[in-house]
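Given next are the chains, with one letter for each unit.
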Amino acid sequence: MKFAPLVENEILKLLKRRRFRVALLILIALNGLIVFAQTQAKDRKPERDWRIEAQERVARMQNWERSGRLPQTQLRWVRFEIARVQYHLDRNVNPDAISGPLFARAFANASSYLLLPLLAILFAADIVSSEFAQGTVKLLLTRPVGRARVLTSKFAALVVAITLTVALGGLVAYLFGGLAFGYRGWGAPVLTGFRLAGETLDPGSVRSLPLWEDALLAFGLAWFAALTVGAIAFLTSVVLRSTAAAMGTMLAALIAGTILPRVAPSWEAQRYLFVTNLPLPDYYSGSPAPITGMTVPFSVVVLTIWAIAATAVAYGVFLRRDVLA
Amino acid sequence: MERNVVLAAENLTKRFGKREVVSDVSFEIVSGEVFGFLGPNGAGKTTTIRMLVGLARPDHGRVRIAGFDVSHDFAKAMARVGCIVESTDLYPYLTGRENLLHFARMLPDGAHRRIPELAKLVALEARLDDRVSTYSLGMRQRLGLAQALLGAPDLLILDEPANGLDPAGIREIRQLIRHLADDRGIAVFVSSHLLSEVEQMCDRVAIIHRGKTLAMGPVRELLAKRGADRLVFRVEPAEKAAQVLGSFARDGGARVDDPGTVSSEVPRESVPDALAALAAAGVRVFGVEKQSSTLEELFLEVTGGETV
């Protein structure tokens, strides 16, 4: 019995349903909206020298810093931003210059902790439970194909769907961004790897990469984050056997993940939650991590452990449990 | 046609918590045989079927299909089976053909080549490229059957195949099942709570109630055990007729069923005498007909009167 036809089946079922088209539409609509909003903002601004603007911004942020009224978390961000803009000023690079490729690159950061996990959940939460809801699981599991192979084919289809979604998201962002800001600029140098050493910027960590390489890395990390969320949603789909319940659980987790670092930044143990680690393309490119001390390798390890554990439990449950739906 | 055992259930037992849903159920089905599995809803039929096809694991006992143990040689055993469990659920957002192709991909190479022939067999050729969500219940049922036959199985397991069908649809399915058993030598396991349908198409039946098999055997044999057929007399006055007929009845009883109707177990050879006696007693006889003993009665008897 060959494995490829099974994966073909699962991909076919994913693509034939409305949810994949909905995901595509969400990607297009969101990207279009953001590009539109940004062009509006750009049009209203008078044409001024970016150097003057950047200098003003640094001065403004220094005032905030000195005022002493900022909470600790924001203070950290302000200091970082001052250092980052200053660094660009020193090297005569516009920190806010935007182009189609840059817009696509920004999409990876902006989507890795909410949008892409959300779409991954949209596919994964339903991939096993829908078979139970439709009753088709009884046919699927009475064919001369072992349960492990059936589940593996579903997991493979999920990986394909998530990969496609991340790639399409990047492509759509590039197309829309290019329409507004120009399609060229993949080779432009990007400064990345900003890190605070105490109060000042640690210049040793800053690197200059061509934009395409940087974007590829950022998308890779966003893909990995979405994949981990997909694996965990896959588990909830197997265990709960209800799409609504699985989606609800995963959404609650995602929301908790965006709120927790803000309301309880001092709770150190949350760095081991998968949701806290999702914005990793963000701190890969230099933003401060949600919890001090989190690094990209750390997050990759944490996410890998979550993904492997969730998948293992999903197999354990699926292979053993009686089908009584 | 060589008759070999295709399905063997040996001492199947399943517990949900402390409740034993299926207790020690055993049976064998040979090729070309239609086996009816009868019982009221909740008798343990569906749980038994789930164990037959490996969806549920028996707590005790085992199932062998074409000699392969379902729990150890799952893939080899299931390669010989086509089934419909509980309802013919297929993917509503795919067309009939896409559904069949989907399940053909889960079978050894070449199964998709049977699709045209099977579509013809279940009379779905014209609608094969429409989405299943637009199908009627009867069409879904027939598509389910085509799906079950894709792998050219030796054994068909059909759970309530006539559920939700109109009388014409039920007759079609019945004829199809007989055709598959008689002409292709497929062993068919049919569960049902509709006695009439099982009676008409099965070679053998088992009656299951509260998880236990209460009776099993060829339909004719089971019915014969119940003695002679009852006769229904359309007479007037009924009370008087009942008195007269009582002396001719095998068990000495005659019952007034309705005003003007008496039923009694009068042996065939005594019928002319009984009629003469009725005439002599001044009873007017309008008609005598045979009330054939049905599985229905047998069923009521073995289950202690619980309706199905």
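A quick note: this is a predicted structure, and the numbers were derived from the prediction, not measured. (Residues numbered from 1 in each chain as written. Chains lettered and ligands numbered in written order. Predicted model: local features only at pLDDT ≥ 70, side-chain atom pairs only at ≥ 80, totals over all residues. Heavy atoms only, no water.)

(A) Molecular detail of the confidence of the model for chain B. Residues and elements named next belong to chain B. Of all residues in chain B, 92% attain a pLDDT of 70 or more, and the chain-wide mean is 87. Per-element confidence in chain B is highest for helix α3 (residues 96–104), whose mean pLDDT is 96, and lowest for helix α11 (residues 295–302), whose mean pLDDT is 69. Predicted complex metrics record ipTM = 0.80 and pTM = 0.82. (pLDDT = per-residue confidence, 0-100. Helix = DSSP H or I, 4+ residues; strand = E, 2+ residues; numbered from the N terminus.)

(B) Local environment of the sheet that holds strand β2 (residues 19–30) of chain B. Residues and elements named next belong to chain B. Across the sheet, which stays open at both edges, the four strands sit in the order β2-β1-β4-β5 with antiparallel pairing between neighbours. Since the sheet does not close on itself, it has two edges, and those belong to β2 and β5 (68–69), each with one partner. Sheet topology places strand β1 (residues 5–16) next to β2; eight bridges connect them, and they run antiparallel. What sits directly across from Leu12, in β2, is Val25. (Pairing = 2+ DSSP bridges.)

(C) Expanded view of the nonpolar core. Core analysis: the largest hydrophobic core is formed by 157 residues, its most contacted members being B:Leu7, B:Phe27, B:Leu52, B:Leu156, B:Ile157, B:Val188 and B:Phe189. Among the elements that line this core, the one with the most residues is helix α10 (residues 211–240) of chain A, at 14 residues. In this view, B:Phe27 contacts B:Leu7, B:Ala8, B:Ala9, B:Phe35, B:Phe37, B:Thr48, B:Leu52, B:Phe189 and B:Met216; residues no more than four positions away in its chain are not counted. Of all hydrophobic cores here, the second largest spans 14 residues; its members include B:Leu231, B:Ala238, B:Ala242 and B:Val283. (Core = buried A, V, L, I, M, F, W, Y, C linked by side-chain atoms within 4.5 Å. Buried < 20%, exposed > 50% of the residue type's maximum accessible area, 1.4 Å probe, protein only. Contact = heavy atoms within 4.5 Å.)

(D) Here's a closer look at empty space enclosed by the protein. Taken as a whole and assessed by the stated rule, the structure comprises six cavities of 30 Å³ or more. Residue lining of the largest cavity: A:Phe132, A:Leu141, A:Arg147, A:Val238, A:Arg241, A:Val317, A:Phe318, A:Arg321, A:Asp322 and A:Val323, and that is the complete set. Looking at the lining of the largest cavity residue by residue, the class counts come to six nonpolar, no polar and four charged. Approximately 40 Å³ is the volume attributed to the second largest cavity. Lining the second largest cavity, in full, are A:Glu10, A:Lys13, A:Arg17, A:Ile127, A:Ser130, A:Glu131, A:Lys154 and B:Tyr93. Going through the elements one at a time, α1 (4–16) and α7 (129–134) of chain A are the ones with two or more residues in the lining of the second largest cavity. Here the residues of the lining of the second largest cavity are counted per class, giving two nonpolar, one polar and five charged. (1 Å grid on protein atoms, 1.4 Å probe; cavity = no way out; pocket = protein on both sides within 12 Å on 5 of 7 lines; lining within 4 Å. Points joined across faces, edges and corners; volume = space filled by probe spheres on them. Nonpolar A, V, L, I, M, F, W, Y, C, P; charged D, E, K, R; others polar.)

(E) Quick peek at the pairing of strand β13 (residues 261–264) of chain B. Residues and elements named next belong to chain B. Because side chains alternate across β13, one face comprises the buried residues Thr261 and Ser263, and the other comprises Val262 and Ser264, equally buried. With four bridges joining them, strand β11 (residues 230–236) and β13 adopt antiparallel strand pairing. Bridging from a neighbouring strand, Phe233 pairs with Val262 of β13. Relative to β13, strand β12 (residues 254–258) is paired through four bridges, and the arrangement is antiparallel. Its bridge partner being in β13, Asp258 is matched across the sheet by Thr261. Between β12 and β13, which follow one another and run antiparallel, lie two residues, and Gly260 among them has a positive phi close to 90°.

(F) Broad picture of the pattern of salt bridges. On inspection of all chains with the given rule, the structure shows 27 salt bridges over all chains. The salt bridge partner of A:Asp214 is A:Arg105, with a shortest N-O separation of 2.3 Å. Of the two residues, A:Asp214 is situated in helix α10 and A:Arg105 in helix α5 (residues 100–111); the sequence distance between them amounts to 109 residues. By relative accessible area, A:Arg105 is classed as buried at 6%. The closest approach of N and O atoms between B:Arg204 and B:Glu33, which form a salt bridge, is 2.5 Å. Of this pair, B:Arg204 sits in strand β9 (residues 204–209) while B:Glu33 sits in the loop between β2 and β3 (34–38), and the two are 171 residues apart along the sequence. There is no split in this pair, since B:Arg204 and B:Glu33 are both buried. Overlapping salt bridges, with partners in common, bring together A:Glu10, A:Lys13, A:Glu131 and A:Lys154 in one network. (Salt bridge = Lys/Arg side-chain N within 4 Å of Asp/Glu carboxyl O.)

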